[in-house]
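# What the coordinates show
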Amino acid sequence: MALVTAESLKSELEMFDIPCQDDSVLDKMVEQCICSRIQADDMVLEWVAYSTTKNGLKLTMEALEHFEHEVLNKKSKSKQSFRKEETHNRTRDIHSLQDLIKAEEEEDNLLDAYSTPAKGSQKRALTTPEHPHSKRSAALLASPGLLLSPASFSPSATPSQKYSQRGGKGEVVVTFGAVQGTRWVGRKAPGVGVQLELLEGPEDSLRSSYKYMFQRLRDVRNVLTEKIEELGEGLKSHFSIEEFSPVSLPAQDSITVLGQVCCDSNGKLNAQSVLLEAGPEQGGQQVPVDLSELREYSLFPGQVVVMEGMNTTGRKLVASKLYEGVPLPFYTSEIKMETDDEPLNVLVACGPYTPSDSLTFDPLLDLINVIVRDRPDVCLLLGPFVDSKHEQIEKAQVTETFEAIFTRCIESIVDGTKSVGCRLVFVPSQRDIHHHFIYPQPPFTLPNLSKDQVQRVTLVPDPCTLLIDGVTFGLTSTDILFHMGAEEISCGTGSDRFSRILKHMLTQRSYYPLYPPVEDVNMDYEKFQSFGQMPLTPDVLIIPSELRYFVKDVVGCVCVNPGRLTKGQVGGTYGRLLIQRSATSEDKKRASPCLAAQVVKI
């Protein structure tokens, strides 16, 4: 599927003479295209048909929300069968046939390489290099370019044409804070003296056994109940609520209830299917919720909320007020720390590090060159490093083990940045094919690192909260923005969807507040209770996603989606931040430690 952009949507709208000057409306349409997996021209045709039936409805944010609920959500099921038919027809395309023939020829070449050639055959002689390198000698090469040679991974790997011909290299696409005259370089001695530690304490327990698929429902229920009670206590004290009433008890007066939002079926949540499920202390029952009297709301399955309303029959709660969650306080150091003269330069990148049509790590080599050029103090590198969704990995076209490819990839990063001396943080991903795909995810294991390398490399779990020179970073490589964006419902909030979802994460105090999780996420609830919650509100939240890159300030936390280093066959983006721990001012107002941030094209 081609990437949908605001420009392509604008040109399609102009074709139908539909004026649209509001960028937020275009961004909303792009988001709907991605979530509904439809192209720009199809999206505009759907809108034209919808607006015509509504007597020429104008293109506004509110109209788009109604359009999404009434048209796009109903289209999703029929779209799946259409996609199957489309892929079936595509196999008869002439280009696909040529690719198939080419793949068969390469397979024949590979088979010939393993067989004894006939006297007259020249095929073997032409394809064998004069001075073949053994795999062991290739692994010892110092150059990251040679370490990541495509021939070592796949017999048919060729550099991606689209990636090499990309435009806009180094172009800044998002800016945040005071970026005028900013020098994006690290300190004089990058990485030296940088304090970097995990806030959750030692992560060894994440390497111990998991109970996933052997979890008792009672244990899962206990985790969810504790979450409801803990967040309920915070809301109770913040809003000075005397007590919570049972959700299903008939009452003629207005009552205040605490519970978890859920859906009345296995389908997608909508305004008519909202249930509120109370904890055991409030009766542990479910009651349907009528949202018609609420002027504005934003809800998703798994959200812990406090509602005020009437429940005269005990069978339906007519909500009149919704209490927002309360975020945790920010980190404050007990030890008085001096303010650094120079800010800390942090680079953030998220995989995949290869184009989708080739297993060459060209984007990663370009990133290493950026690190050598800019000399950041800390590099936060999030997975996937060996992507399970890569075409050649799905088709089993690699000639080495996944662990060997990963080890070589990490070695090239560590060796390639040795001259810089920056600190490297590696975060695993659910899409890393060689690693445990369970949530929360244990850190990578790299037993072959030397003593010097161990001092520079930090292996952390997904998710985690890091303390870097007195500034807290929340990191997760799981695409919670995409998962929650497909489930959240809202009305009259006025804010964009990204800000709403990020605020939900901070107020629900969790890196993955969605329940039930999407099918791709294998949740271990006992580990999640210990490692999936936020111990505090981070100063900076790194939250990579397939959705559009951004940098936003949400309730004082700077949230960064650096995008992915590659988007399909073309280059993607990475992020960079300037961090300086600020001394508390006399009036004790907190100043954000993030001075400036940018998202840059690779």
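Right above here is the structure, for reference.
Within every chain, residues take consecutive numbers counted from 1 along the sequence as written. This being a predicted model, a pLDDT of at least 70 is required before a residue's local features are given, and a value of 80 or more before pairs of side-chain atoms are given or counted; all residues contribute to the totals for chains, interfaces and linings. Side-chain numbers come from the whole structure's heavy atoms, not from hydrogens or water.

Attention shifts here to the overall build of the chain. On a plain count of helices and strands, the chain comes out with 17 helices and 22 strands. Type-normalised accessible area, obtained with a 1.4 Å probe on protein chains alone, sets the label of each residue: buried when under 20%, exposed when over 50%, and partly exposed for intermediate values. For the chain, the residues scored as buried account for 48% of the 602 residues in total. By definition, residues are in contact when any of their heavy atoms lie within 4.5 Å. Within the chain, contacts between residues separated by at least 24 positions form 73% of all contacts whose residues are at least 6 apart in sequence. Note on areas: Shrake-Rupley, 1.4 Å probe, and residue coverage restricted to the protein chains presented here. A total of about 30,300 Å² of accessible surface is found on the chain, and carbon and sulfur atoms cover 51% of it. Only DSSP runs of H or I covering at least 4 residues are called helices, and only runs of E covering at least 2 are called strands; the numbering of each starts at the N terminus.

A pair is scored as a salt bridge if a Lys or Arg side-chain nitrogen falls within 4 Å of a carboxyl oxygen belonging to Asp or Glu. The tally for this structure, following the rule as stated, stands at 21 salt bridges. The shortest N-O distance in the salt bridge between arginine 408 and glutamate 400 comes to 3.5 Å. Neither residue differs from the other here; arginine 408 and glutamate 400 are each classed as buried. Of the charged contacts in the structure, one is a salt bridge between lysine 552 and aspartate 496, with a shortest N-O distance of 3.3 Å. Of the two residues, lysine 552 sits in strand β17 (residues 550-554) while aspartate 496 sits in the loop between β15 (489-491) and α16 (497-508), which places them 56 residues apart along the sequence. What you see here is one network of salt bridges that share partners, running through Lys28, Glu31, Glu65, Glu68, Glu488, Arg497 and Arg500.

Okay, the pairing of strand β22 (residues 594-601) next. Most of β22 sits out of view: six of its eight residues are buried. For two strands to count as paired, DSSP must find a minimum of two bridges between them. Where strand β1 (residues 172-177) lies against β22, five bridges are found, and the strand directions are antiparallel. Bridging across to β22, phenylalanine 176 finds its partner in alanine 597. Bridge count for strand β21 (residues 573-579) against β22 is seven bridges, and the pairing is antiparallel. In the sheet register, leucine 578 faces β22, and the bridge partner there is alanine 596.

Residues enter patches when their relative accessible area tops 30% and they take part in no salt bridge; the joining distance is 9 Å for like charges and 5 Å for the nonpolar side chains Val, Leu, Ile, Met, Phe, Trp and Tyr. Counting rule for charge: Lys and Arg are taken as positive, Asp and Glu as negative, and neither His nor the chain ends is counted. A charge is said to be at NZ when it belongs to Lys, at CZ for Arg, at CG for Asp and at CD for Glu. A cluster of like negative charges, contributed by Glu226, Glu229, Glu230, Glu233 and Glu281, occupies part of the molecular surface. Its location among the elements puts glutamate 233 in helix α10 (residues 217-238). Note on glutamate 233: relative accessible area 51%, which makes it exposed.

This part covers helix α3 (residues 40-53). Residue pairs spaced three or four apart in an α-helix point in one direction, given the helix's 3.6 residues per turn. By this rule, a helix spans an expected 1.5 Å times one less than how many residues it contains. Between the first and last C-alpha of α3 there are 20 Å, a value that for 14 residues agrees with the 20 Å anticipated at 1.5 Å per step. For α3, the full list of buried residues reads Ala40, Met43, Val44, Trp47, Tyr50 and Ser51. The buried side chains of α3 occupy one side of the element, clustering within an arc of 125 degrees when seen end-on. Away from the buried face of α3 by more than 90 degrees, exposed residues Thr52 and Thr53 are located. Picture the helix axis, draw a direction to every C-beta atom, and the arc is the one those directions span.

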